[in-house]
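Structure assessment
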Amino acid sequence: MNEREKALLAEVETRLFIGGEWADSSSGRTFEVRDPATNEVIAHVADATAEDGVNALDAAVAVQEEWAATPPRVRSDILRRVFDLVRERADDVALLMTLEMGKPLAEAKGEVAYGNEFNRWFSEEAVRISGRYGSNPEGTGRIIVSQRPVGPSLFITPWNFPLAMATRKIAPALAAGCTVVIKPAELTPLTTLFFTQLLVEAGLPKGVVNVVPTSAAASLSAPIIADPRLRKLSFTGSTEVGRKLIAQAADGVLRVSMELGGNAPFVVFEDADLDKAVAGALQAKFRNIGQACTAANRFIVHESVAEEFASRITERVRAMKIGRGTEEGVEIGPLIDADAVAKAAELVADAAERGAVVVAGGEVLEGPGTFYQPTVVTGVRPGSAILREEIFGPVLAIATFQTEDDAVRLANDTEYGLVSYVYTEDLQRGHRMIERLETGMMGLNAGVISNAAAPFGGVKQSGVGREGGAEGIHEYLSTKYTLVPNV
């Protein structure tokens, strides 16, 4: 670790943030945060208890009414100031993400730009919350429809996009007038803590955002979710955990937003522009080292172009530089931990046992970090686990199809429905895919689709609700109807 990295880590506040104050855990315990590229401990973070979680909710509840009554322009200005502060500290935020999560520094800088856009977008949306006014059909009164903040909200964020997952939830909540308790991922809490420091610098009032990192997520979240004062739960993570949280939220009939697992199909038709398809495939698969819910998971390629597509992809993948994300030119950093490496290796081994061919990579790398080679597997057979399970690693698995109906059937053959990717030069076919593929989002000749101005979310077991876009702020608003009779 160099001097700049040490200085940045020393600047990050690692205590809990409750009611506008930094504090140790009530237990006095901490947990370790490690650099996955070296396995070196880079920080010790306060380990929040269930008591700390309830205290954080107390703080959020105490200022909810005041924050809801804060003029939208004031809320907007705070979000705009934090946008400017993140932009000023972009290099530091990016380096911090690379240190705790492992992604290449160039990608981390891209996440800063993307994640920070939620601050700017929702600063603009804060002043556009509106309702309607008009006569009822009978002409006997006036209908007033207004929007009110949902209320105190609990956010549980994942480790793979440490800034964007925080801003995508916090920004719309603040814009709408909701107070927040956020539990960042145990593996990557530092970016959220640093972002909170910038929120304070931007003038956020005490108690509006409260941060409780913990190594015992279930123990901390359960009493918060069970508390009748909580009105909203937003979670990004696995479908398995999401189901459990939805069940807990049902007792209080909480508003929930769930961005859960994915199994994204990447469909390449025979008329596709292969240059575009290869470039898009590399983006959709290897961005964030394949550790993204939007990562292409199943490459469904027409049999007439499958060999050429695989050849071009394999050439590019074999040339990828692997290493610590801070190193110049690195394209593939470490996976987040040893379990992630083991899962990727198991899925590749299962595919090979069933007749697939590993044409690039497929090896666990020796060393202190958790590295797995970028991998290409061709001829994947039906029934392979790699077609059913979310890989969450740098493994590109190719299967083939013959007809458009086959492609649709294969693409939809999953309980998930987050995102799909389609490459075709046939405009009419592209429109048919928009209608026929069962996903909440789709990239048509595009390998990266996320944008703060667009609604992010899935269908089926990929979740409920939307983040981003005009739709995003409505997740934190409730609609109230008032009748005013004519006198």
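The structure this text deals with has already been given above.
Let us look at the structure shown here. (Residues numbered from 1 in each chain as written. Predicted model: local features only at pLDDT ≥ 70, side-chain atom pairs only at ≥ 80, totals over all residues. Heavy atoms only, no water.)

**Brief notes about the overall build of the chain**
Formally: Each helix corresponds to a stretch of at least 4 residues labelled H or I by DSSP, and each strand to a stretch of at least 2 residues labelled E; elements are numbered beginning at the N terminus. All radius of gyration figures rest on C-alpha atoms, and the globule criterion is 2.2 Å times the number of residues raised to 0.38. Throughout this description, buried means an accessible area under 20% of the type-specific maximum (1.4 Å probe, protein chains only), exposed means over 50%, and partly exposed covers the range between. A contact between two residues is defined here by any heavy atoms of the two lying within 4.5 Å. Note on areas: Shrake-Rupley with a 1.4 Å probe; residue coverage comes only from the protein chains shown. For the purpose of charge, His is not counted, nor are the chain termini; Lys and Arg are scored as positive and Asp and Glu as negative. To locate a charge, take NZ of a lysine, CZ of an arginine, CG of an aspartate or CD of a glutamate.
Each helix and strand counted, the chain has 16 helices and 22 strands in total. The C-alpha radius of gyration of the chain comes to 23 Å, within 12% of the 23 Å expected for a compact globule of 487 residues. With the C-alpha coordinates aligned to their principal axes, the bounding extent of the chain is approximately 75 × 65 × 40 Å. Buried residues in the chain amount to 56% of all 487 residues. Within the chain, contacts between residues at least 6 apart in sequence are counted, and of these 73% link residues at least 24 apart. Roughly 19300 Å² of accessible area belongs to the chain as shown, and the carbon and sulfur atoms make up 50% of that amount. Positive and negative side-chain charges of the chain, numbering 48 and 65 respectively, have mean locations separated by a distance of 5 Å.

**A word on the sheet that holds strand E16 (residues 395-401)**
Short version of the rule: Two strands are counted as paired when DSSP detects at least two bridges linking them. Angular values range over 0 to 180 degrees, each being the angle between N-to-C directions of two axes fitted as lines to C-alpha atoms, with helices fitted over their stretch in contact.
Read across the open sheet, the seven strands follow the order E14-E15-E16-E13-E12-E18-E19; overall the sheet is mixed. Edge positions in the open sheet fall to strand E14 (357-360) and strand E19 (441-444), since each of these has one partner strand only. The sheet shows a mean angle of 25° between the axes of neighbouring strands, taken without regard to direction. As judged from the three bridges shared by strand E15 (residues 375-378) and E16, these two strands associate in the parallel manner. By the bridge assignment, Thr375 is partnered in E16 with Val395.

**What about the sheet that holds strand E5 (residues 132-135)?**
Spatial ordering of the open sheet is given by E5-E6-E22, a layout of three strands whose pairing is antiparallel. The open sheet has two edge strands, E5 and strand E22 (477-485), and neither has a second partner. Going from strand to strand, the sheet's axes swing by 20° on average, the running direction of each strand aside. Where E5 lies against strand E6 (residues 141-149), four bridges are found, and the strand directions are antiparallel.

**Let's talk about unusual backbone geometry**
As a rule of thumb, non-glycine residues mostly have phi less than zero, and peptide bonds are mostly trans rather than cis. One non-glycine residue, Asn39, lies in positive phi territory at about 65°. Within the element layout of this structure, Asn39 appears in the loop between strand E3 (30-35) and strand E4 (40-46). If you check the backbone angles, Ile289 has positive phi at about 65° while not being a glycine. With respect to the helices and strands, the residue Ile289 is situated in the loop between helix H10 (274-286) and strand E13 (296-302).

**Let's talk about the packing of aromatic side chains**
Put simply, the rule is: Centre distance within 6.5 Å is the pairing criterion for rings of Phe, Tyr and Trp, where only the six-membered ring of Trp is used; planes under 30 degrees apart are then read as stacked, over 60 as edge-to-face, and the remainder as tilted. Only when the NZ of Lys or the CZ of Arg is both within 6 Å of the ring centre and within 35 degrees of the ring normal is a charge said to sit over the ring.
Inspection of the entire model under this criterion finds nine aromatic pairs. When the ring of Trp159 is compared with that of Phe392, the centres are 5.7 Å apart and the planes differ by 85°; the resulting orientation is edge-to-face. Of this pair, Trp159 sits in the loop between strand E7 (153-156) and helix H6 (164-176) while Phe392 sits in the loop between helix H13 (385-388) and E16; the two residues are 233 residues apart in sequence, bridging distant segments of the chain. Its relative accessible area of 17% is what places Trp159 among the buried residues. Every member of this aromatic cluster is reached through a ring pair, and the members are Phe266, Phe299, Phe309, Tyr421 and Tyr423. Lying over the aromatic face of Phe456, Arg168 brings its terminal NZ or CZ to 4.0 Å of the ring centre. Cation over ring: Lys232 sits above Tyr476, and NZ or CZ is 4.8 Å from the ring centre.

**Remarks on the pattern of salt bridges**
For the record, the criterion: Here, a salt bridge means any Lys or Arg side-chain nitrogen found within 4 Å of an Asp or Glu carboxyl oxygen.
Going through the model one piece at a time under the given rule, you end up with 32 salt bridges. Glu404 is the salt-bridge partner of Arg436, the closest N and O atoms lying 3.6 Å from each other. Here Glu404 lies in helix H14 (residues 404-412) and Arg436 lies in helix H15 (residues 427-436), a separation of 32 residues in the sequence. Under the relative-accessibility criterion, Arg436 is labelled partly exposed at 33%. A salt bridge links Lys460 to Glu438; the nearest nitrogen and oxygen atoms lie 3.0 Å apart. Of this pair, Lys460 sits in strand E20 (residues 459-460) while Glu438 is found in the loop between H15 and E19, placing the two residues 22 residues apart along the sequence. Overlapping salt bridges, with partners in common, bring together Glu270, Asp271, Glu404, Asp405, Arg429, Arg432 and Arg436 in one network.

**Remarks on the side chain of Asp47**
Position of Asp47 among the secondary structure elements: in the loop between E4 and helix H2 (50-69). Comment: no salt bridge for buried Asp47; closest opposite-charge side chain is Arg29, at 4.6 Å. Sequence-distant contacts of Asp47, that is, excluding residues within four places in its chain, are made with Ser25, Ser27, Arg29, Thr30, Phe31, Asp52, Pro213, Thr214, Ser215 and Ala216.

**Quick look at the packing of helix H5 (residues 105-125) against H6**
Formally: For classification, angles of less than 35 degrees are called roughly parallel, those exceeding 145 degrees roughly antiparallel, those between 65 and 115 degrees roughly perpendicular, and all remaining angles oblique. Here the term charged refers only to Asp, Glu, Lys and Arg, the term nonpolar to Ala, Val, Leu, Ile, Met, Phe, Trp, Tyr, Cys and Pro, and the term polar to all other amino acids, Gly among them.
Look at H5 against H6: their axes get within 8 Å of each other, and the N-to-C directions meet at 5°. Compared by their axis directions, H5 and H6 come out roughly parallel. Contact residues: H5 offers Glu111, Tyr114, Gly115, Phe118, Asn119 and Phe122, while H6 offers Ala164, Thr167, Arg168, Ala171, Pro172 and Ala175. Residue composition of the contact of H5 with H6, grouped by class: seven nonpolar, three polar and two charged.

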